[in-house]
Amino acid sequence: MWGGRFAAGPASVMREINASIPFDKRLWKQDIAGSKAHVAMLAKQGIVDGEDAQAITEGLNRIAAEYEADGVPVDLDLEDIHMVTESRLAELIGPAAGRLHTARSRNDQVATDFRLWVRDAIDEVEAGLQGLSAMLLTRAEEHADAVMPGFTHLQSAQPVTLGHHLMAYHEMVRRDRSRFADARARLNECPLGAAALAGTGFPIDRHATAAALGFAKPTDNSLDSVSDRDFALDYLMAATQCSLHLSRLAEEFIIWASQPFGFVKLPDAYSTGSSIMPQKRNPDAAELVRGHAGRIMGCMNALCVTMKGLPLAYSKDMQDDKPPVFEAHDLLGLSIAAMTGMIETVTFRTDRMRGLAESGFATATDLADWLVREGDIPFREAHHITGRAVAAAEAAGVQLADLPLETLKAIDARIDERIYAVLTVDASVASRRSHGGTAPDQVRARIAEARNDAKGQ
Ligand code: ARG
């Protein structure tokens with residue numbers, strides 16, 4: 001395809017290092033769509049005659065059918081998906097195939113194909129995250145009243161509801177979806193027609209090809225068009241952030257499934273056994289979601305490092321942009337699906353959660369707040385009084401609500417029997433009605449709002 005001035009062919013290692021077809025064959029659909037839009041525009045502009053354009057289009061359709069049926073042939077000599085397709089086109093329709101590449105370079109071609117691919121990838125991720133969001137809402141609603149210990153420092157802090165905890169992840173996923181949507185909006189400009197780097201002297205219509213491929217507009221600078229990979233990095237950064245969220249949830253499932261916690265029973269379908277310890281049920285799917293986040297972050301890092309020192313415009317280093325994006329996308333897709341399945345099928349052991357919420361002096365803050373409210377005591381002093389009550393309960397080996405009134409009164413005479421009503425975990429969560437708080441009615445309101453937002457999309 002480019003050997004006119006060369007006397008000798010490439011060394012075999014050159015052939016191998018140079019070829020991207022083993023991985024960029026995944027761009028075939030986008031490559032054919034881009035070529036069809038390009039040749040239709042060339043014909044309309046009178047740059048290629050109608051008959052040749054028709055032969056090219058029919059040839060491309062036939063190649064698409066062949067790829068669909070048999071896959072893309074991997075021929076290292078032909079380097080990449082663009083050349084594999086063009087050379088097959090030449091076999092099918094003869095010399096007219098050579099007219100397709102008029103006013104185009106592989107540099108704008110690959111930039112266009114890859115943008116189209118990443119755009120499709122974002123749409124796939126969005127569909128997956130929509131399913132995950134819906135599942136979080138379903139399980140959160142089911143457990144809007146279920147009390148569990150809330151933690152800071154992984155120490156029992158204050159009671160919360162399981163529904164509230166699950167809705168925290170719903171918020172993260174909502175932001176992830178908006179990051180992908182932002183990335184999609186930014187990438188939706190078409191580089192086709194930037195040619196190798198400087199634009200072209202042919203009277204092409206870049207607005208026509210951009211519209212035909214569903215882009216909002218053509219890109220505005222030819223050098224930037226062929227050397228920008230921000231769109232791929234935007235995708236990888238959004239994927240990294242999303243995978244970090246999935247990994248945190250996975251980590252919680254792993255902790256929660258451990259015997260000392262016992263907050264959840266992970267379903268058989270997402271667990272594995274041990275070949276030596278018959279009692280084992282290991283949270284492998286969750287561990288792999290946690291592990292995949294590291295690999296996705298690695299992919300993002302790889303492309304950042306590839307791009308950071310490249311002068312304008314195209315350099316072959318940029319061929320290395322695809323493997324990390326493909327890898328991250330596959331890992332993210334699996335992670336979203338596995339996490340959605342786990343959330344759908346996990347058994348929450350709400351009795352166990354409630355028991356632990358009731359046992360860690362988790363309502364100490366409620367006692368202090370009551371002293372502030374009912375006794376008009378400054379919070380710092382109330383905190384100190386409550387600390388003494390906790391110490392008394394700890395010494396007696398009982399919970400705060402089990403301390404006799406005389407003991408509490410001995411600590412501070414302003415305490416009276418009304419205190420017992422605020423020391424239960426249910427009273428504690430029900431009282432936290434501030435916007436975004438854990439009270440069951442607040443959680444239900446947020447779930448309803450989220451369902452409403454989803455309908456509006
Ligand atoms: N396979 C190449 C890539 O993925 C296509 C662009 C080749 N351009 C070039 N000037 N050698 O980046």
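Calculation rules
Residues numbered from 1 in each chain as written. Predicted model: local features only at pLDDT ≥ 70, side-chain atom pairs only at ≥ 80, totals over all residues. Heavy atoms only, no water. Helix = DSSP H or I, 4+ residues; strand = E, 2+ residues; numbered from the N terminus. Rg over C-alpha atoms; globule rule 2.2 N^0.38 Å. Buried < 20%, exposed > 50% of the residue type's maximum accessible area, 1.4 Å probe, protein only. Contact = heavy atoms within 4.5 Å. Areas by Shrake-Rupley, 256 points an atom, 1.4 Å probe, with all protein chains shown as cover. UniProt positions renumbered as here; feature names shortened; annotations may be inferred. Near = heavy atom within 4 Å. Polar contact = N/O pair within 3.5 Å; in protein donor to acceptor, adjacent residues only side chain to side chain. Nonpolar A, V, L, I, M, F, W, Y, C, P; charged D, E, K, R; others polar. Pairing = 2+ DSSP bridges. Expected span 1.5 Å × (residues − 1). Phe/Tyr/Trp six-rings, centres within 6.5 Å; stacked < 30°, edge-to-face > 60°.

### Quick word on the overall build of the protein chain
Here is step 1: When helices and strands are tallied, the protein chain shows 19 helices and 6 strands.
Here is step 2: Relative to a compact globule of 457 residues, whose C-alpha radius of gyration would be 23 Å, the protein chain shows 30 Å and is clearly more extended.
Here is step 3: Projecting the C-alpha coordinates of the protein chain onto the three principal axes gives extents of approximately 100 × 50 × 40 Å.
Here is step 4: The buried share of the protein chain, taken over its 457 residues, is 47%.
Here is step 5: In the protein chain, once contacts between residues fewer than 6 apart in sequence are set aside, the share between residues at least 24 apart is 76%.
Here is step 6: Of the accessible surface of the protein chain, which amounts to about 21,600 Å², a share of 53% is contributed by carbon and sulfur atoms.

### Digging into the UniProt feature "domain: Argininosuccinate lyase C-terminal" (unreviewed entry) in the protein chain
Here is step 1: Feature annotation in UniProt places "domain: Argininosuccinate lyase C-terminal" (unreviewed entry) on residues 361-430, given in this structure's numbering.
Here is step 2: Between the C-alpha atoms that bound residues 361-430 the distance is 17 Å, and the span itself is 67% helix and 0% strand.

### Structural notes on the site of the ligand
Here is step 1: Taken together, Ser-20, Asp-24, Asp-80, His-82, Arg-106, Asn-107, Val-110, Tyr-314, Lys-316, Gln-319 and Lys-322 are the residues near the ligand.
Here is step 2: Residue Asp-80 places a side-chain N or O atom 2.8 Å away from a nitrogen atom belonging to the ligand.
Here is step 3: Between the ligand and Asn-107, the relevant distance is 2.9 Å, taken from a nitrogen atom to a side-chain nitrogen or oxygen of the residue.
Here is step 4: Counting residues per element, the shell around the ligand draws most heavily on helix 6 (residues 106-142), which supplies 3 residues.
Here is step 5: Per-class residue counts for the shell around the ligand are 2 nonpolar, 4 polar and 5 charged.

### Topic: the pairing of strand 2 (residues 155-161)
Successive residues of a regular strand alternate their side chains across the two faces of the sheet.
Here is step 1: Where strand 1 (residues 147-152) and strand 2 come together, 6 bridges link them in antiparallel fashion. When the sheet's bridge partners are listed, Gly-150 is paired in strand 2 with Gln-158.
Here is step 2: Counting the residues between successive antiparallel strands, the hairpin from strand 1 to strand 2 contains 2 residues, one of them, His-153, with a positive phi of roughly 60 degrees.

### Details of the side chain of Ser-20
Here is step 1: Relative to the elements of secondary structure, Ser-20 occurs in the loop between helix 1 (12-18) and helix 2 (21-24).
Here is step 2: By relative accessible area, which is 1% here, Ser-20 ends up buried.
Here is step 3: For Ser-20, the contacting residues outside a window of four places in its chain are Glu-79, Asp-80 and Gln-319.

### Observations regarding helix 6
Along an α-helix, a turn takes 3.6 residues, which lines up residues three or four apart on a common side.
Here is step 1: Relative to the 54 Å expected for 37 residues at 1.5 Å per residue, helix 6 spans 54 Å between its end C-alpha atoms, a close match to the ideal helical length.
Here is step 2: With a side-chain oxygen lying 2.8 Å from the backbone nitrogen of Asn-107, the N-terminal cap of helix 6 falls on Ser-105.

### Thoughts on the packing of aromatic side chains
Here is step 1: Applying the stated criterion across every chain yields a total of 10 aromatic pairs.
Here is step 2: Consider the rings of Trp-28 and Tyr-67, whose centres lie 5.5 Å apart with planes at 80 degrees: the pair is edge-to-face. Of this pair, Trp-28 sits in helix 3 (residues 28-44) while Tyr-67 sits in helix 4 (residues 50-70), placing them 39 residues apart in sequence.
Here is step 3: Note on Tyr-67: relative accessible area 4%, which makes it buried.
Here is step 4: The interplanar angle of 55 degrees and the centroid separation of 5.8 Å between the aromatic rings of Phe-180 and Tyr-235 together place this pair among those described as tilted.

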